[in-house]
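For reference, the chains in residue letters:
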Amino acid sequence: MSHSTDRSGQRTGRRRRNRRGEQLMVPRAEFESYYGRPIIKAPSWSAQDIAGYFFLGGLAGAGSVLAAGAQLTGRTATATAMKVSSLVAVSLSAAALVHDLGVPRRFPNMLRVLKPTSPMSVGSWLLAGYGPAAGAAAVTAVTGRLPRAGATATGAAALLGPAVASYTAVLAADTAVPAWHGAHRELPYLFVASATAAASGMALLVGPVSETAPARSAAVLAAAADEVATRKAERRLGMVAETYRQGRAGTLLRTARLLTAAGAATGLLLGHRSRPAAAVAGLALLAGSACTRFGVFAAGVASAEDPKYTVAPQRAAAGPAGEDGN
């Protein structure tokens, strides 16, 4: 009888010896690469630029939705403040992206064609459409001129806002990075929840206390959705979820949960009574959202640098046949 060999160099004949109760003399192989080097290349993106780009884009997109809602319900001070906030956030987000690209002309070059299968191409066109709409909404709100054009721009920014807030999750999940790709189903929901928390925090920070009721409610919903999405992502990731709990990523994500929950609770209980409490709640929500984006980024880098997070899930997916080489 011939024996096939699995990846660790052990023969499948060991199964017959196991049935007779004999103990294996060769330990199960570890999931390692040559010389312990990473199997995939870790993201070369700058954490400050790209994680900041993730955070600011989410703040801008969700902020435009809240601004439109405030406009429709007569909360004009909050609407104007959120429109300005979204314009500033998307401008800084685009600046961070261009800085990471290194050559400014690379961004307009990405607009030469539209590739629906490329998250980067779709995202570039989203920014190209959303930015002018957010800018027009903010300028008309501040100056009071061209109200009809401003209303149209506000609506357009609100329609594009959710896509702007979530497409960066698709961009990250489209890579081979285990902590991102493995959570491709949950990551967009997590990013939207985090973006909503940030926008709610900004509304609490810059809006009059009398106009913050919708933002306070949105913050509570965002905190709950953030927790649910994170837990589901960790369950799906299996052992790769260690990267979300350990090291720099673990510290950032634990801090994010505490800040988001504290900000939502403070805003709900005290935000309608006290201007300082509303400001503290807003800052906590903004900081929590930023920590979420930087934590997810750090988890992705950690999962790419350790070869076991690439090999072990593939071995598990292959099942017994993959282990035995049959």
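Residues numbered from 1 in each chain as written. Predicted model: local features only at pLDDT ≥ 70, side-chain atom pairs only at ≥ 80, totals over all residues. Heavy atoms only, no water.

Asks: Describe the side chain of threonine 230, listing the residues and the values that go with them.
Replies: The topology assignment puts threonine 230 in helix α9 (residues 213-237). Residue classification places threonine 230 among the buried residues on the basis of a relative accessible area of 9%. Non-local contacts of threonine 230, meaning those with residues more than four positions away in its chain, are made with Leu190 and Arg257. (Helix = DSSP H or I, 4+ residues; strand = E, 2+ residues; numbered from the N terminus. Buried < 20%, exposed > 50% of the residue type's maximum accessible area, 1.4 Å probe, protein only. Contact = heavy atoms within 4.5 Å.)

Asks: For a nonpolar patch on the surface, give the residues involved together with the corresponding values.
Replies: Judged by side-chain polarity, Val84, Val88, Leu92 and Val142 come together as a nonpolar surface patch covering roughly 330 Å² of accessible area. Considering every element that reaches the nonpolar patch, the biggest residue donor is helix α3 (residues 76-101), with three residues. Here valine 88 shows up in helix α3. For valine 88, a relative accessible area of 45% puts it in the partly exposed group. (Patch = residues over 30% accessible without salt bridge, like charges linked within 9 Å, V, L, I, M, F, W, Y side chains within 5 Å. Areas by Shrake-Rupley, 256 points an atom, 1.4 Å probe, with all protein chains shown as cover. Salt bridge = Lys/Arg side-chain N within 4 Å of Asp/Glu carboxyl O.)

Asks: Go over the nonpolar core with me, naming the residues and quoting the values.
Replies: Residues Tyr53, Trp180, Leu187, Tyr244 and Val296 are the most contacted members of the largest nonpolar core, which totals 63 residues. Excluding residues that lie within four positions of it along the chain, valine 296 makes contacts with Trp180, Leu187, Leu190, Phe191, Tyr244 and Leu253. (Core = buried A, V, L, I, M, F, W, Y, C linked by side-chain atoms within 4.5 Å.)

Asks: Go over helix α5 (residues 119-143), please, and point to the residues and values.
Replies: Turn by turn, an α-helix covers 3.6 residues, leaving residues three or four places apart pointing in a common direction. Spanning 25 residues, α5 covers 36 Å between terminal C-alpha atoms, matching the ideal 36 Å at 1.5 Å per step. Phi turns positive one or two residues past the end of α5, at glycine 144, with a value near 80 degrees. (Expected span 1.5 Å × (residues − 1).)

Asks: Quick one: what's the story with the pattern of salt bridges, residue by residue and with numbers?
Replies: Where side chains of opposite charge bring their charged atoms close, a pairing between them can arise. Scanning the entire structure with this criterion turns up six salt bridges. For arginine 257, the salt bridge identified is with glutamate 227, shortest N-O distance 3.5 Å. Highlighted residues: arginine 257 in helix α11 (residues 247-270) and glutamate 227 in helix α9, separated in sequence by 30 residues. For the salt bridge of glutamate 234 with arginine 245, the shortest nitrogen-to-oxygen distance reads 3.6 Å. Here glutamate 234 is found in helix α9, whereas its partner arginine 245 is found in helix α10 (residues 242-245), with 11 residues between them in sequence.

Asks: Got a sec to walk through the packing of aromatic side chains? Specific residues and values, please.
Replies: For the coordinates displayed, the defined rule picks out four aromatic pairs. Arranged with centres 6.0 Å apart and planes meeting at 40 degrees, the rings of tyrosine 53 and phenylalanine 54 form a pair that is tilted. Each of the two residues, tyrosine 53 as well as phenylalanine 54, counts as buried. Where tryptophan 180 meets phenylalanine 297, the ring centres are 5.9 Å apart and the plane angle is 45 degrees; that geometry is what we call tilted. Of this pair, tryptophan 180 sits in helix α7 (residues 178-181) while phenylalanine 297 is found in helix α12 (residues 275-305), placing the two residues 117 residues apart along the sequence. Per residue, the accessibility class of tryptophan 180 equals that of phenylalanine 297, and both read buried. Cluster of aromatic residues (ring-pair linked, three or more members): Tyr53, Phe54, Tyr167 and Phe191. (Phe/Tyr/Trp six-rings, centres within 6.5 Å; stacked < 30°, edge-to-face > 60°.)

Asks: Give me the packing of α5 against helix α6 (residues 147-173): which residues, what numbers.
Replies: For any two helices packed against each other, one specifies the crossing angle of their axes together with the interaxial distance. Direction vectors running N to C along α5 and α6 enclose 150 degrees, while the axes themselves pass 8 Å from each other. Here the hand of the crossing between α5 and α6 comes out left-handed. Along the contact surface, α5 presents Pro119, Met120, Gly123, Leu126, Leu127, Gly129, Tyr130, Ala133, Ala134, Ala136, Ala137 and Thr140, while α6 presents Gly150, Ala153, Thr154, Ala156, Ala157, Leu160, Gly161, Ala163, Val164, Tyr167, Val170 and Leu171. Here the contact of α5 with α6 is built from residues that sort into 18 nonpolar, six polar and no charged. (Axes fitted to C-alpha atoms, helices over the stretch in contact; angles between N-to-C directions. Left-handed = near helix turned anticlockwise from the far one by under 90°. Nonpolar A, V, L, I, M, F, W, Y, C, P; charged D, E, K, R; others polar.)

Asks: Pulling in residues and values, what's your account of the environment of alanine 262?
Replies: On the secondary structure map, alanine 262 appears in helix α11. Distance in space between the C-alpha atoms of alanine 262 and alanine 284 is 7.1 Å, their sequence separation being 22 residues.

Asks: Could you give an account of unusual backbone geometry, naming the residues involved and the relevant values?
Replies: In terms of backbone geometry, most residues other than glycine have negative phi values and most peptide bonds are trans. Phi at leucine 146 is positive, roughly 50 degrees, even though this residue is not glycine. For leucine 146, the location among the structural elements is in the loop between α5 and α6.

Asks: If you had to explain the environment of glycine 52 to someone new, which residues and values would you point to?
Replies: Mapped onto the secondary structure, glycine 52 falls in helix α2 (residues 47-72). For glycine 52, a relative accessible area of 10% puts it in the buried group. Once the C-alpha coordinates of glycine 52 and leucine 97 are considered, the two residues, 45 residues apart in sequence, prove to be 8.9 Å apart. Among all residues touching glycine 52, those that are not within four sequence positions of it are Ala47 and Phe294.

Asks: Could you give an account of the environment of threonine 143, with specific residues and numbers?
Replies: Looking at the element boundaries, threonine 143 is found in helix α5. The exposure class assigned to threonine 143 is partly exposed, which follows from its relative accessible area of 46%. Here the side chain of threonine 143 touches arginine 145 through a polar contact of 3.3 Å, landing on its backbone nitrogen. (Polar contact = N/O pair within 3.5 Å; in protein donor to acceptor, adjacent residues only side chain to side chain.)

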